[in-house]
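Coordinate analysis (summary)
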Amino acid sequence: MPEQDPKRHLSHADSVCPQCLRRIRGELVQRGETVHLEKHCPEHGFFSAAVWRGNPPFSGWVRPKIPFPGGPREQTRRGCPFDCGLCSAHAQRTCTALVEVTERCNLRCPVCFADSGGNAPDPDLETLRRMFSRIMDRTGGCNLQLSGGEPTVREDLPDIVRAAGKAGFSFVQLNSNGLALALEPELAHLLKDAGLSSVFLQFDGVTDAVFRRLRGRDLLEVKCRAVENLAAAGLGVVLVPTIGRGVNLDQLWELVRFGLKHLPHVRGVHFQPVSYFGRVPADFVPDHVTLPEIMTGLARQSRGLVRTKDFLPPGCEHALCSFSGRFLVQEDGRLTRLGAACCDCAPQPAEAGALKSIAVTARQWTAPDSPPDGEGGDDLERFLRRARTHVFGISGMAFQDAWTLNLERLRGCCIHVARPDGRLIPFCAFNLTSRSGRPLYRPRRENPGQ
């Protein structure tokens, strides 16, 4: 009897062994509508992980780029992914630089990619100033995200935001779990006054059952209060759900609906499927939620308010890393897609895509300054007024772990973690950990989780 879904070989894909992190040869293979990354380690055997399930078809989800060769580059000894910093083989400039201002955290999330909660001293303000200056010098300008740990545990966080602005960053975003922002309404105002543009708010679901699974406690009320306080302060909010199979994959559109109800300050939803690095058990079997599952889930759950064809591959990072769509929310609740229906599949300069992404992200994720005046005017005037307040972003990003790492994708990364020594390390490389939790770049704590 013939095999129902015969394996079709698509391309080679250099990767790493999930057990020992040695560089090994892999390949992308397709069975039916599912694409797997398969690889074999001489010491630890065979590994396979799904990287694409369903529609849009894998073969058509492309956005080729002409590599960006510019910027300061680090010398290499071992090659990708072991000499990141950035090396001469990297094909993209920095779009967003992440600076971890603390390892401390006021939560103990089971899915934390950073394994936050360490006791290492926070970098002082002068160290951060030097880092901000060096990032500007190395990148020529990019968006900045303050991350951790949980940045709001630092009492001098407004001073850090001000220092980032003085260094030249026009868009400064805070990555936060929202606990302090919910309990201390004045904090949001202090951060806004200091120059903060936006908050990347961890927001996983619309029921407490989801938060108990992903964060270890009921948090829905706290998260809603954080949204209210941020809106009152005039800050843009991006809801960032971590998506896990059997946890919240059925709440995709409910998360979007929540965001739409809180326009204009909630600027969009940015879905992030669970990646298996950081605080993960050693004995699990990976079951990755893929980007097309989120796109088709949104289309199905919205009952056609959005469609899979409304989402496009990225102009900045590698095409397989993310999707995005921007929508004008009409007065009757309908969503009208903004932008082209499809991408130009001719190779485009990578730097041009990054620069456009920097500008669009800053504009989309920052709250409007004030509501538009007046209700009259012609169709164009009414459109422009509403576009100031009611453009909503829906996007997703699939981070790579030791099972799914494809070095071609890594070399196209535009989200880089800044280190005190001046290196800029692609996000997925910096957070990569082996099956046993051994990190490739992130400093290893002697007593993780303590």
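The notes below deal with the structure included here. (Residues numbered from 1 in each chain as written. Predicted model: local features only at pLDDT ≥ 70, side-chain atom pairs only at ≥ 80, totals over all residues. Heavy atoms only, no water.)

**A short note on the pattern of salt bridges**
Under the definition given, this model contains 22 salt bridges. The salt bridge involving R104 is made with D122; its shortest N-O contact spans 2.5 Å. Remark: D122 occurs in the loop between β6 (96-100) and α1 (125-139) and R104 occurs in the loop between β6 and α1; sequence separation between them is 18 residues. We classify R104 as partly exposed; its relative accessible area is 32%. Classification of D122 by relative accessible area gives partly exposed; the value is 24%. We note a salt bridge from R245 to D287, for which the minimum N-O separation is 3.0 Å. You can see R245 sitting in the loop between β11 (242-243) and α7 (252-261) and its partner D287 sitting in the loop between β12 (266-273) and α8 (291-301), a full 42 residues away along the chain. It is possible to trace a salt-bridge network through shared partners that takes in R53, R245, D287 and E293. (Salt bridge = Lys/Arg side-chain N within 4 Å of Asp/Glu carboxyl O. Helix = DSSP H or I, 4+ residues; strand = E, 2+ residues; numbered from the N terminus. Buried < 20%, exposed > 50% of the residue type's maximum accessible area, 1.4 Å probe, protein only.)

**Some words on the nonpolar core**
Formed by 120 residues in total, the largest nonpolar core has its most connected members in F132, L144, L146, F271, L298 and I394. Apart from the residues within four sequence positions on either side, I394 is in contact with W253, V256, V269, F271, L298, V306, F311, F323, S324, G325 and F327. (Core = buried A, V, L, I, M, F, W, Y, C linked by side-chain atoms within 4.5 Å. Contact = heavy atoms within 4.5 Å.)

**Quick notes on the packing of α7 against α8**
Contact geometry for α7 and α8: axes closest at 8 Å, N-to-C directions at 70 degrees. Relative to α8, the element α7 is oriented roughly perpendicular. Considering only the axes of α7 and α8, their crossing is right-handed. Only E293, I294, G297, L298 and Q301 of α8 make contact with α7, whose side of the interface consists of L252, W253 and V256. Classifying every residue of the contact of α7 with α8 gives 5 nonpolar, 2 polar and 1 charged. (Axes fitted to C-alpha atoms, helices over the stretch in contact; angles between N-to-C directions. Parallel < 35°, antiparallel > 145°, perpendicular 65-115°, else oblique. Left-handed = near helix turned anticlockwise from the far one by under 90°. Nonpolar A, V, L, I, M, F, W, Y, C, P; charged D, E, K, R; others polar.)

**Remarks on α8**
Of all 11 residues in α8, 8 are buried, a share of seventy percent or more. For α8, every residue scored as buried is listed here: L291, P292, E293, I294, M295, G297, L298 and A299. Residues of α8 that are buried in the fold lie against β4 (45-53), α7, β12, β13 (322-329) and β16 (391-397). Backbone geometry just after α8 places R303 at a positive phi near 55 degrees.

**As for the packing of helix α2 (residues 157-166) against helix α4 (residues 185-194)**
The contact between α2 and α4 brings their axes to 8 Å, and the two run at 20 degrees. Between α2 and α4, the angle falls in the class roughly parallel. The handedness of the crossing between α2 and α4 comes out as right-handed. For the pair formed by α2 and α4, the contact residues are L157, P158, V161 and R162 on the first element and L190, L191 and A194 on the second. Broken down by class, the residue content of the contact of α2 with α4 amounts to 6 nonpolar, no polar and 1 charged.

Worth remembering: the numbers are spatial, not functional.
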